[in-house]
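Residue-level structure breakdown
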Amino acid sequence: MTIYADNAATTKTSKKAIEAMLPYFDKIYGNPSSLHTVGQEAKEALTEARERIAKCLGAETNEIYFTSGGSEADNQAIVSAAVNGAKKDKKHIISTKFEHHAVLHTLKKLQKQGYEVTYLDVHENGIVTANEVKAAIKPETCLVTIMYANNEIGTIQPIAEIGKVCREAGVPFHTDAVQAVGHLHIDVKEQNIDMLSLSAHKFHGPKGVGALYVKKGIILSNIIEGGAQERGKRAGTENIPEIMGMAAALEDAIADLDKNSAYVKGLRDKLIEGLSKIPHAKINGDLEKRLPGNVNICFEGIEGESLLLLLDAHGICASSGSACTSGSLDPSHVLLSLGLPHEVAHGSLRLSLCEENTEEEIDVILEKVPEVVNYLRNMSPVWEDLESGKKAHII
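The structure reproduced in this document is the subject of the present report. Along each chain, residue indices are assigned from 1 in the same order as the chain's sequence is written. Totals for whole chains, interfaces and linings use every residue, but because this is a predicted model, local features are given only for residues with pLDDT of at least 70 and side-chain atom pairs only at 80 or more, for both listing and counting. As a rule here, side-chain values come from all non-hydrogen atoms in the structure, and water together with hydrogens is ignored.

Comments concerning the side chain of Asn296
Selection rule: To qualify as a helix, a DSSP run of H or I must reach at least 4 residues; to qualify as a strand, a run of E must reach at least 2; elements of each kind are numbered from the N terminus. Burial classes follow relative accessibility: with a 1.4 Å probe on protein chains only, a residue under 20% of its type's maximum area counts as buried, one over 50% as exposed, and anything between as partly exposed. Under this definition, polar contacts are N or O atom pairs within 3.5 Å; protein pairs additionally need one hydrogen-donor-capable and one acceptor-capable atom, and for neighbouring residues in sequence, both atoms have to be side-chain atoms.
Looking at the secondary structure, you find Asn296 in strand E10 (residues 294–299). We classify Asn296 as buried; its relative accessible area is 0%. Separated by 3.0 Å, the side chain of Asn296 and the backbone oxygen of Glu152 make a polar contact. Here the side chain of Asn296 touches Asn284 through a polar contact of 2.7 Å, side chain to side chain.

Here it is in structure tokens:
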């Protein structure tokens, strides 16, 4: 039995998404920029997909730009706001310490170019408040970029409130909503969101395709130069099959959102309750304001990498943090931003569930995780020191 509990890294492409893609490989296969009939058929499909995705977000059709995924969308949104700000002598950006690296690395690059960045604390519960954002805004602030839901600990930010603060201050607000879209109700107009990034493979769509919502009136800077695709703002022939798969997957996710959310929350809460019984373990992030399927927990006295490998041997696919940094030996910057010490952050486990997970799978996880944790602790000289009193327990 293989138990896939790493849906925050990627989801299995749904049958509906696959079925939606197939005709665009060999039947409607034209280049949407071509003027002939075959090309115009593809263009019609592209327009239809843009309309469908816009409707899912509460946006206008011409406010959706297709990208290769969330990272590209994040880069283009942030760079565009920075360029627009510089034209008005505004070079200050507000973000948080636990953003995805697609955001953090872009901000660091801008800092080298003379921009000032304020990184807000997210506190022990992994939440930043609208008042903290308001207090950080300055006359020269050109962008606030705060993720909708964290990819590691699953905490959900007060996006509508933050958006309202930014709107009142006249500051553009971007949110990396890669983990949120398809899992939470989103309306960009009601929530005062100016730019939003999403990626299809986080809600059972294909990999390598995403979108950027940009409120009408905001000028985009090109990240990829070349042709005039995406109204001249993103060069490269549009990936029609995957765009159609993304539209189908998003519609499907939103149609069943409430039902799936309630089911997955039940599985999540059962996992949290069971894993919390392991001695010297700590659930990370707010228990209520978190994604339906996210469980993030630290176990004192073990290394997360060993935990993952042994769980994999039992058929359980999990992670210790973001898949984008899985090759790093450093502890998660997200967990460190919560105030966890290095030695505790190293022993993290992220389980991310979806509607395809079962009660039976949760029971297996609750059986195997304590076994593996105990096995690793019995081998660990660090755990021996903790238990003997040579060192004090942190958790």
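Some details on the nonpolar core
To be explicit about the condition: Remark: nonpolar core denotes a set of buried residues (Ala, Val, Leu, Ile, Met, Phe, Trp, Tyr, Cys) joined through side-chain atoms within 4.5 Å.
Counting residues in each nonpolar core, the largest one holds 53 residues, and the members touching the most others are Leu57, Val133 and Leu196. Among the elements of the structure, helix H3 (37–57), strand E2 (64–67), helix H6 (130–136), helix H7 (159–169), strand E7 (195–199), strand E8 (210–214) and helix H9 (240–255) are those that each provide at least two residues to this core. Broken down by element, this core gets its largest block of residues, 8 residues, from H9. Core analysis: the next-biggest nonpolar cluster, separate from the first, contains 29 residues, Ile278, Ile302, Val372 and Val373 among them.

Overview of the packing of helix H4 (residues 70–86) against helix H5 (residues 101–112)
Here is the rule we go by: To define axes, lines are fitted to C-alpha atoms, for helices over the stretch in contact only, and angles between the resulting N-to-C directions are given on a 0 to 180 degree scale. The handedness criterion is simple: a crossing whose near helix is rotated anticlockwise from the far helix by less than a right angle is left-handed, and one whose near helix is rotated clockwise is right-handed. Note on definitions: a residue-residue contact is assigned when non-hydrogen atoms from the two residues lie within 4.5 Å. All residues other than Ala, Val, Leu, Ile, Met, Phe, Trp, Tyr, Cys, Pro, Asp, Glu, Lys and Arg, Gly among them, are scored as polar; the first ten of these are nonpolar and the last four charged.
As a packed pair, H4 and H5 sit with axes 9 Å apart at the nearest point and diverge in direction by 30°. In this structure, the crossing between H4 and H5 has a hand that is right-handed. Each of Ser71, Asp74, Asn75, Ile78, Val79 and Ala82 in H4 lies in contact with H5, whose residues at this interface are Ala102, Val103, Thr106, Leu107 and Leu110. Grouping the amino acids of the contact of H4 with H5 by side-chain chemistry returns 7 nonpolar, 3 polar and 1 charged.

Digging into the sheet that holds E10
For the record, the criterion: In this scheme, strands are said to pair when DSSP sees at least two bridges between them.
Pairing within the open sheet is antiparallel, and its 3 strands lie in the order E9-E10-E12. What marks the edges here is a single partner per strand, and that holds for strand E9 (281–283) and strand E12 (348–352). The sheet shows a mean angle of 20° between the axes of neighbouring strands, taken without regard to direction. In terms of strand pairing, E9 meets E10 through 3 bridges, oriented antiparallel. Following the sheet pairing, Lys282 is matched in E10 by Cys298. Lying over the sheet, helix H10 (residues 257–275) contacts E9, E10 and E12, oriented at roughly 10° with respect to E10.

Nothing here speaks to function; it is geometry throughout.
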